[in-house]
Amino acid sequence: YFMSNLYTTSVFRYCPQCGSQNGRTETEKLFACPDCGFLFFANPASAVGGILTNSKGKVLFVRRVKDPAKGKLNTPGGFVDPYESAEEAIAREVREEVNMEIRAIQYLASFPNIYTYRGVTYHTTDVFFVCEIAEEGAFTPNDEVAHIVFLDPAEVDSEEIAFDSTKRALAEYLRLRG
């Protein structure tokens, strides 16, 4: 039986492999079952975010349609799929969310984040990239995006930003930009 907090191993009432009630939480990351030897490590999930810049030095923001952080601004991004690199993930997420191709990807930084969705708390490591867009024009948001806007990140109220990791990535981007 699996409960809501994915990070701590106290979510298990029974061993997922043998059903034993003798399993125990060794640390907040490790659940061990002495009956069958099953081990579960609760490690963070990987996610990506893209700081997409245009020729005027503005950054593309999307307004979120869904929770978590419904109505807040964020940069395009999402979870890394199995067998996918972080670079492949950001290119896919940008294509999916705003129907655009990116031409250059440069690593910026990574930050821990907490993403709660439908009662499950995911601890993530969010990897951010600065990306140049292939062309400017009309972009088509998907159903997760209310609208797309280019803004000067120095002028965006941090309370309008969806996630702490994105706030930190934007601060790092501004610091490096000078």
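What counts and how
- Residues numbered from 1 in each chain as written.
- Predicted model: local features only at pLDDT ≥ 70, side-chain atom pairs only at ≥ 80, totals over all residues.
- Heavy atoms only, no water.
- Helix = DSSP H or I, 4+ residues; strand = E, 2+ residues; numbered from the N terminus.
- Expected span 1.5 Å × (residues − 1).
- Buried < 20%, exposed > 50% of the residue type's maximum accessible area, 1.4 Å probe, protein only.
- Contact = heavy atoms within 4.5 Å.
- Phe/Tyr/Trp six-rings, centres within 6.5 Å; stacked < 30°, edge-to-face > 60°.
- Arc of directions from axis to C-beta.

Asks: Explain helix H1 (residues 86-98) here, please?
Replies: Given 3.6 residues per turn, any residue in an α-helix points the same way as the ones three and four places further on. The terminal C-alpha atoms of H1, which comprises 13 residues, lie 18 Å apart, in line with the 18 Å expected from a rise of 1.5 Å per residue. Those residues of H1 lying buried are Ala 86, Ala 89, Ile 90, Ala 91, Arg 92, Glu 93, Val 94, Glu 97 and Val 98. The elements touched by buried residues of H1 are strand E4 (45-53), strand E5 (59-64), strand E7 (77-79), strand E8 (102-117), strand E9 (120-133) and strand E10 (145-151). Trailing H1 by a residue or two, Asn 99 shows a phi angle of about 55°, which is positive.

Asks: Would you explain the packing of aromatic side chains in this entry?
Replies: Between two aromatic rings, the relevant description is the distance of the centres plus the angle of the planes. Across all of its chains, the model carries 6 aromatic pairs by this definition. Plain terms: the ring middles of Tyr 115 and Phe 163 are 5.6 Å apart, the flat faces sit at 40° to each other, and that makes the pair tilted. Taken together, the positions of Tyr 115 in strand E8 and Phe 163 in the loop between E10 and helix H2 (164-177) put the pair 48 residues apart, joining distant regions of the chain. Take Phe 163: its relative accessible area is 10%, and that puts it in the buried class.

Asks: Can you help me understand H2 in this one?
Replies: The terminal C-alpha atoms of H2, which comprises 14 residues, lie 20 Å apart, in line with the 20 Å expected from a rise of 1.5 Å per residue. Those residues of H2 that sit buried are Ser 165, Thr 166, Ala 169, Leu 170 and Tyr 173. Angularly, the buried residues of H2 cover 135° about the axis, an arc narrow enough to put them on a single face. Summarising the geometry of H2, the exposed residues directed more than 90 degrees from the buried face are Asp 164 and Arg 175. Contacts made by the buried residues of H2 are with E4, E5, strand E6 (73-74), E8 and E9. Following H2 by one or two positions, Gly 178 has its phi on the positive side, about 80°.

Asks: Where do I start with the side chain of Thr 53 in this structure?
Replies: Examined against the element boundaries, Thr 53 turns out to sit in strand E4. If we ignore the near neighbours within four places in the chain, the residues touching Thr 53 are Lys 58, Val 59, Val 130, Cys 131, Glu 132, Ile 133 and Tyr 173.

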